[in-house]
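Structural description and commentary
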Amino acid sequence: MNTLLHSLRGVWNDPFKRYVSIALAVAAAAIIIFGTPTAETEAPAAPEGEATLEVHFFYHSGCPHCRDQEPFNEDMARKYTNVYFVYHDGADPSQYSVLLQLIDGTGV
């Protein structure tokens, strides 16, 4: 216990470490308070008109592979005007309910 208290005193006595610790605590609090959406969202509907193919693309905002896929999706949407891409961020917990709705709709 004494070594833990000694380590904490060492962090708090150094001004740089103190400010970094405070900044990390504030950032963590902001993520906890503002980072978790409470309202569930439904998938947006495809535009009205001709028959469209709706493609639901689930991605993670920090994934480089998902980011590399986006230009391909945009090219496909331009090439095939009847294809409509719906993007879902996997980091957003409310999007999980959209995934479950889509799975229920397939009967799998």
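Everything numeric here is computed off the predicted structure, so don't read it as measured data.

This paragraph deals with the overall build of the protein. Scanning the protein from N- to C-terminus turns up 4 helices and 2 strands. Beginning at the N terminus, the succession of helices and strands in the protein can be written as α-α-β-α-β-α. Every one of the 108 residues in the protein was classed for burial, and the buried ones make up 11%. Accessible surface for the protein amounts to roughly 8,600 Å². Of this, 63% is attributable to carbon and sulfur atoms.

Side-chain positions along a regular strand alternate between the two faces of the sheet. Both strand 1 (residues 53-59) and strand 2 (residues 83-89) contribute to a ladder of 7 bridges, which runs parallel. Considered in strand 2, the bridge of Phe 58 is made with His 88. For the crossover from strand 1 across helix 3 (residues 64-79) to strand 2, the handedness is right-handed.

Now for the packing of aromatic side chains. Overall, the coordinates contain 4 aromatic pairs when judged by the stated rule. A ring pair is formed by Tyr 59 and Tyr 87, whose centres lie 6.3 Å apart and whose planes are at 70 degrees; its orientation type is edge-to-face. A residue pair is termed long-range when its members are at least 10 positions apart, and Tyr 59 in strand 1 and Tyr 87 in strand 2 qualify at 28 residues. Note on Tyr 59: relative accessible area 26%, which makes it partly exposed. What makes Tyr 87 partly exposed here is its relative accessible area of 34%. Three or more aromatic residues link up through ring pairs in this structure, and these residues are Phe 57, Tyr 59, Phe 85 and Tyr 87.

Scoring rules and cut-offs
Residues numbered from 1 in each chain as written. Predicted model: local features only at pLDDT ≥ 70, side-chain atom pairs only at ≥ 80, totals over all residues. Heavy atoms only, no water. Helix = DSSP H or I, 4+ residues; strand = E, 2+ residues; numbered from the N terminus. Buried < 20%, exposed > 50% of the residue type's maximum accessible area, 1.4 Å probe, protein only. Areas by Shrake-Rupley, 256 points an atom, 1.4 Å probe, with all protein chains shown as cover. Pairing = 2+ DSSP bridges. Right-handed = clockwise from strand over helix to strand, strands pointing away. Phe/Tyr/Trp six-rings, centres within 6.5 Å; stacked < 30°, edge-to-face > 60°.

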